[in-house]
Amino acid sequence: MPQLNDILDENNEGIKQISKGNFKSAQKAFRTALLKLREFYNLRREQREASQFYSIIIEPRRIPHFSQKKSHSKSHYVYRNALLAYADPNPSKEPNQDCAGLTAVLVFNLSLVYHCIAEQSQLKSDYAKVLRTYRKSWDALQKDLQHHDAIAVGVLNNMGAIFHELANYRQAQRCFKALKKVVSLKRAGVLALQPDTRTGIILNVLFLEEPTTAVAA
């Protein structure tokens, strides 16, 4: 049976690989972590170990911008913080529902890998794949309150950036309006953002509040 630390180690190895530009190795690590998480959860459920609480601590880690190709996304901010994850020595007293928080972290990190690849290829099919993966992270996030804002800002910001890249300005505006709502609540996950990250996100929100500005871009 895989242990929690086995899953976290795979995740953190994936971040090490993406930081080096080794996208295939990063994909493999995150996919392996997701498979181990599924096995971990299924076995715990079969053995009725859900009462054994656990929680994770996440730490943003900036990854480089590998693409030097000209793209519209360079006109606004892309959230490039992968999420390192560690076991919380003082776990929450409430069970993690369906491992949703850790699932959201792993899928978000996998999304960042696909995002890097799409920026290099500039293929619409690659961007469509990134959007699908961010959406899966968002769906998992709806069951996790502990890390919701810390992950939501990255998902909404980057989905908005991609929709803008694809000239789907209405969907981009929807993402940035939702992002504005999350940021305005000023909860712990938002307040923990680095100043340059917070500034970049706010500029995105302001930039796309005017639809005519987005279309003109």
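Quick note: structure is the one above.
Residues numbered from 1 in each chain as written. Predicted model: local features only at pLDDT ≥ 70, side-chain atom pairs only at ≥ 80, totals over all residues. Heavy atoms only, no water.

Participant: Explain the overall build of the chain here, please?
Facilitator: When helices and strands are tallied, the chain shows nine helices and two strands. Reading the secondary structure of the chain in the N-to-C direction produces α-α-β-β-α-α-α-α-α-α-α. Residues classed as buried in the chain amount to 48% of the 217 residues present. For the chain, the share of sequence-separated contacts (at least 6 apart) that also reach a separation of at least 24 residues comes to 73%. Carbon and sulfur atoms make up 52% of the accessible area of the chain, which totals about 11300 Å². (Helix = DSSP H or I, 4+ residues; strand = E, 2+ residues; numbered from the N terminus. Buried < 20%, exposed > 50% of the residue type's maximum accessible area, 1.4 Å probe, protein only. Contact = heavy atoms within 4.5 Å. Areas by Shrake-Rupley, 256 points an atom, 1.4 Å probe, with all protein chains shown as cover.)

Participant: Hey, could you run me through the packing of helix α4 (residues 124-141) against helix α5 (residues 148-165) in this one?
Facilitator: What describes two packed helices is the angle between their axes and the distance between those same axes. Two numbers describe how α4 lies on α5: the axes approach to 10 Å, and their chain directions differ by 155 degrees. On the basis of their axis angle, the class for α4 and α5 is roughly antiparallel. In the crossing of α4 with α5, the sense of the turn from one axis to the other is left-handed. Counted together, Y127, V130, L131, Y134, R135, S137, W138 and L141 of α4 and H148, I151, A152, V155, L156, N158, M159, I162, F163 and E165 of α5 form the full contact between these two elements. For the contact of α4 with α5, a count of residues per class yields 13 nonpolar, three polar and two charged. (Axes fitted to C-alpha atoms, helices over the stretch in contact; angles between N-to-C directions. Parallel < 35°, antiparallel > 145°, perpendicular 65-115°, else oblique. Left-handed = near helix turned anticlockwise from the far one by under 90°. Nonpolar A, V, L, I, M, F, W, Y, C, P; charged D, E, K, R; others polar.)

Participant: Sorry, what's going on with helix α3 (residues 100-121) here?
Facilitator: Because an α-helix packs 3.6 residues into every turn, residues spaced three or four apart end up facing the same way. Between its first and last C-alpha, α3 extends 31 Å over 22 residues, near the 32 Å set by a 1.5 Å rise per residue. Along α3, 18 of the 22 residues are buried, which leaves the element largely enclosed by surrounding structure. Within two residues after α3, Q122 carries a phi angle of roughly 60 degrees, on the positive side. (Expected span 1.5 Å × (residues − 1).)

Participant: Explanation requested: a positive patch on the surface in the structure shown.
Facilitator: The grouping of R31, K129, R132 and K136 at the surface amounts to a positive patch. No other element matches the three residues that α4 contributes to the positive patch. Structurally, K136 is set in helix α4. Owing to a relative accessible area of 56%, K136 belongs among the exposed residues under this scheme. (Patch = residues over 30% accessible without salt bridge, like charges linked within 9 Å, V, L, I, M, F, W, Y side chains within 5 Å. Salt bridge = Lys/Arg side-chain N within 4 Å of Asp/Glu carboxyl O. Lys, Arg positive; Asp, Glu negative; His and termini not counted. Charge placed at Lys NZ, Arg CZ, Asp CG, Glu CD.)

Participant: When you look at helix α2 (residues 23-46) in this model, what are you seeing that I'm missing?
Facilitator: With 24 residues, α2 extends 35 Å between its outermost C-alpha atoms, agreeing within 8% with the 34 Å of an ideal straight helix rising 1.5 Å per residue. By the burial criterion, the buried members of α2 are F23, A26, Q27, A29, F30, A33, L37, F40, L43 and R44. Those residues of α2 that are buried lie in contact with α1 (4-19) and α3.

Participant: I'm lost on the environment of G154 in this one. Help?
Facilitator: When you line up the elements, G154 lands in helix α5. C-alpha of G154 to C-alpha of A82: the two residues are 72 residues apart in sequence and 9.2 Å apart in space. The contact partners of G154, leaving out residues within four places of it in the chain, are Y79 and F108.

Participant: Whenever I open this one, the nonpolar core confuses me. Can you help?
Facilitator: Inside soluble globular proteins, nonpolar side chains tend to come together where they are buried. Judged by nonpolar contacts, the single largest core of 59 residues is most densely connected at I151 and V153. Of the residues forming this core, the biggest block, 11 residues, is contributed by α3. Look past the residues within four positions of I151 in its chain and what remains in contact with it is I58, L83, G101, A104, V105, F108, S137 and L141. (Core = buried A, V, L, I, M, F, W, Y, C linked by side-chain atoms within 4.5 Å.)

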